[in-house]
Amino acid sequence: ISRQETFSNFLVASVMAEEELPGILILDIGGTHGVLENLVPLLKKHFRLITMKEFLENKKEMSKKIQSVFVFECRPTVDRELLESLPNLKVIGNSGVGVDHLDLKMISNFGVKVTNTPHAVADSTADIGMALMLASARRLVEGCQIAVSPDTKCFAVDWLGVEVTRATLGIVGMGSIGYKVAQRARAFDMRILYHNRNRRRKEEEEAVGAHYCEKMEDLLQQSDFVMLVVNLTPETHKLIGKKELGLMKPTATLINISRGAVIDQDALVEALQNKVIRAAALDVTYPEPLPRDHPLLKLNNIIITPHIGTATVQAIRMMAEEAIANMLAVLNGQPIPSEVFPK
Ligand SMILES: O=C(O)[C@H](O)CO
């Protein structure tokens, strides 16, 4: 069954009056430039939307109606105070795959389920990984700056890039996003290595021509491009530090599309300053955004994008659809497509 079909099974337009629909509270990071507003009609088919303003103005009545919280854009968190004020809350639908901003144990102690959207994010996040790899390899950002500067020199040999084609890509974290990256990298004739907690099935490895490295060190030593696609957990916090950067080739590029805290940023600054590695391309940092005087922003062998892995018209909508399907499944007592559990 295609992803779209799976979602639409759950997306039966509601025939209930707005008053009878389960109440949903939306948490967002603000400044969404109308993106969230575009999702409102979709949410309204299945839920009675309760805005934060409405909730705060009439807490007593509103809090009883809220059965779901929709966490838009992965970063706002749900704290104990909010959980204590929502006695009928059953589910937190996170739009996005990463749930490191949520305290899963605490939430589960309130009897509330958490769901995420691994399917909806996979293509767009894999695309941003490829985009960062290509942009860094071919020095696209510098190229743009040179093209618009008054003393443009075409074919400047002092800023040559490197080729992605036939290079070795090491994927750290071969979940659904990592696998999509491998599928794309195959089209570039890349040699693909991967490191994962669990080895993928033989057929899956063969389909993309990926070789398993039991030890991450082996992958780091051999790769021209290392792409980080792991979830942020206590085990992956600062997974890449001074020692790991030191194992990489001086010509290698580090790409991060997972979470900023997977890299020890101080060690990365040092490695980039001392040319321990060639370059880095990051869609994620900590904090986000970085303070304007952060040393990473002063380097010229780095590209940083502001966590835009899922910032496409299609992904945002699919994330909302997948989150809605999850939340409705919880509320209707059906099997939950993507539930996340505390470790
Ligand atoms: O976790 C994810 O899916 C993305 O980071 C969403 O922003």
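An unreviewed UniProt entry lists the protein under the name Glyoxylate reductase/hydroxypyruvate reductase, with Bubo bubo as the source organism. On record in UniProt, under Sequence similarities (unreviewed entry), the comment for the protein is "Belongs to the D-isomer specific 2-hydroxyacid dehydrogenase family."

Undergrad: So what exactly am I meant to see when it comes to the pattern of salt bridges here?
TA: Opposite charge on two side chains makes pairing possible when the charged atoms of those side chains draw close. Counting across every chain of the model gives 18 salt bridges. Across the pair Lys243 and Glu217 runs a salt bridge whose closest N-O atoms are separated by 3.9 Å. With Lys243 in helix H12 (residues 242-247) and Glu217 in helix H11 (residues 216-222), the pair connects residues that are 26 residues apart, well separated along the chain. The exposure class of Lys243 is exposed, given its relative accessible area of 55%. As a salt-bridge pair, Asp224 and Lys249 come within 2.9 Å of each other at their nearest N and O atoms. Of this pair, Asp224 sits in the loop between H11 and strand S9 (225-228) while Lys249 is found in the loop between H12 and strand S10 (253-256), placing the two residues 25 residues apart along the sequence. For Lys249, a relative accessible area of 26% gives the class partly exposed. Connected via shared salt-bridge partners are Asp123, Asp127, Lys180 and Arg184.

Undergrad: Which parts of the structure should I look at to understand the packing of helix H2 (residues 35-44) against helix H14 (residues 313-331)?
TA: The relative placement of two packed helices comes down to the angle between their axes together with the axis-to-axis distance. Relative orientation of the contacting elements H2 and H14 amounts to 40°, with a least axis distance of 10 Å. Taken together, the axes of H2 and H14 are oblique relative to one another. Read as a crossing pair, H2 and H14 show a hand that is right-handed. Along the contact surface, H2 presents Val35, Leu39, Leu42 and Leu43, while H14 presents Ile316, Arg317, Ala320, Glu321 and Ile324. Residue classes in the contact of H2 with H14 are distributed as 7 nonpolar, no polar and 2 charged.

Undergrad: Would you explain the packing of aromatic side chains in this entry?
TA: Each aromatic ring pair is specified by the distance between its two centres and by the angle formed by the two planes. Scanning all chains against the criterion turns up 2 aromatic pairs. On the numbers, 6.3 Å between centres and 40° between planes, the contact of Phe70 with Phe72 is tilted. Between Tyr194 and Tyr212, the aromatic rings sit 5.1 Å apart at their centres with planes inclined by 50°, giving tilted as the arrangement. Placement of the pair is Tyr194 in strand S7 (residues 191-195) and Tyr212 in strand S8 (residues 210-212), with a sequence separation of 18 residues. With a relative accessible area of 0%, Tyr194 lands in the buried category.

Undergrad: Hey, could you run me through the packing of helix H7 (residues 118-137) against helix H9 (residues 176-186) in this one?
TA: Between H7 and H9, the least distance of the axes is 8 Å, while the angle of their chain directions is 45°. Between H7 and H9, the angle falls in the class oblique. Seen from above, H7 lies across H9 with right-handed handedness. Across the interface between the two elements, Pro118, Val121, Ala122, Asp123, Thr125, Ala126, Asp127 and Met130 from H7 touch Ser176, Ile177, Lys180, Val181, Arg184 and Ala185 from H9.

Undergrad: For this particular structure, what's the right way to read H7?
TA: Side chains of residues three or four places apart in an α-helix project in the same direction, reflecting 3.6 residues per turn. In a regular helix each residue adds 1.5 Å, so 20 residues correspond to 28 Å; H7 covers 28 Å between its end C-alpha atoms and thus fits that length. Buried residues dominate H7, accounting for 15 of its 20 residues. A positive backbone phi angle near 50° is found at Arg139, which sits one or two residues after H7.

Undergrad: Just checking my understanding: could you explain the environment of Ala182 for this structure?
TA: Among the structural elements, Ala182 can be located in helix H9. Residue classification places Ala182 among the buried positions, given a relative accessible area of 0%. Spatially, the C-alpha atom of Ala182 lies 15 Å from that of Asn256, the residues being 74 residues apart in sequence.

Undergrad: What exactly am I supposed to notice about H2 here?
TA: Looking only at H2, the buried set comprises Leu36, Leu39, Leu42 and Leu43. One side of H2 holds all its buried residues, which, seen down the axis, span an arc of 100°. Residues of H2 that are exposed and point more than 90 degrees away from the buried face comprise Asn38 and Pro41. On the buried face of H2, the contacting elements are strand S1 (23-27), strand S2 (48-50), strand S3 (66-71) and H14.

Undergrad: Could you clarify how one ought to interpret the site of the ligand in this entry?
TA: Inspection of the region around the ligand gives Glu73, Cys74, Gly96, Val97, Gly98, Val121, Arg259, His307 and Thr310 as its neighbouring residues. Arg259 places a polar side-chain atom, nitrogen or oxygen, 2.8 Å from an oxygen atom of the ligand. Note that an oxygen atom of the ligand is positioned 2.6 Å from one of the side-chain N or O atoms of His307. In the complex, the protein chains occlude 93% of the 240 Å² of accessible area that the ligand would expose alone. Its residues assigned to classes, the shell around the ligand comprises 3 nonpolar, 4 polar and 2 charged.

Calculation rules
Residues numbered from 1 in each chain as written. Predicted model: local features only at pLDDT ≥ 70, side-chain atom pairs only at ≥ 80, totals over all residues. Heavy atoms only, no water. UniProt positions renumbered as here; feature names shortened; annotations may be inferred. Salt bridge = Lys/Arg side-chain N within 4 Å of Asp/Glu carboxyl O. Helix = DSSP H or I, 4+ residues; strand = E, 2+ residues; numbered from the N terminus. Buried < 20%, exposed > 50% of the residue type's maximum accessible area, 1.4 Å probe, protein only. Axes fitted to C-alpha atoms, helices over the stretch in contact; angles between N-to-C directions. Parallel < 35°, antiparallel > 145°, perpendicular 65-115°, else oblique. Left-handed = near helix turned anticlockwise from the far one by under 90°. Contact = heavy atoms within 4.5 Å. Nonpolar A, V, L, I, M, F, W, Y, C, P; charged D, E, K, R; others polar. Phe/Tyr/Trp six-rings, centres within 6.5 Å; stacked < 30°, edge-to-face > 60°. Expected span 1.5 Å × (residues − 1). Arc of directions from axis to C-beta. Near = heavy atom within 4 Å. Polar contact = N/O pair within 3.5 Å; in protein donor to acceptor, adjacent residues only side chain to side chain. Areas by Shrake-Rupley, 256 points an atom, 1.4 Å probe, with all protein chains shown as cover.

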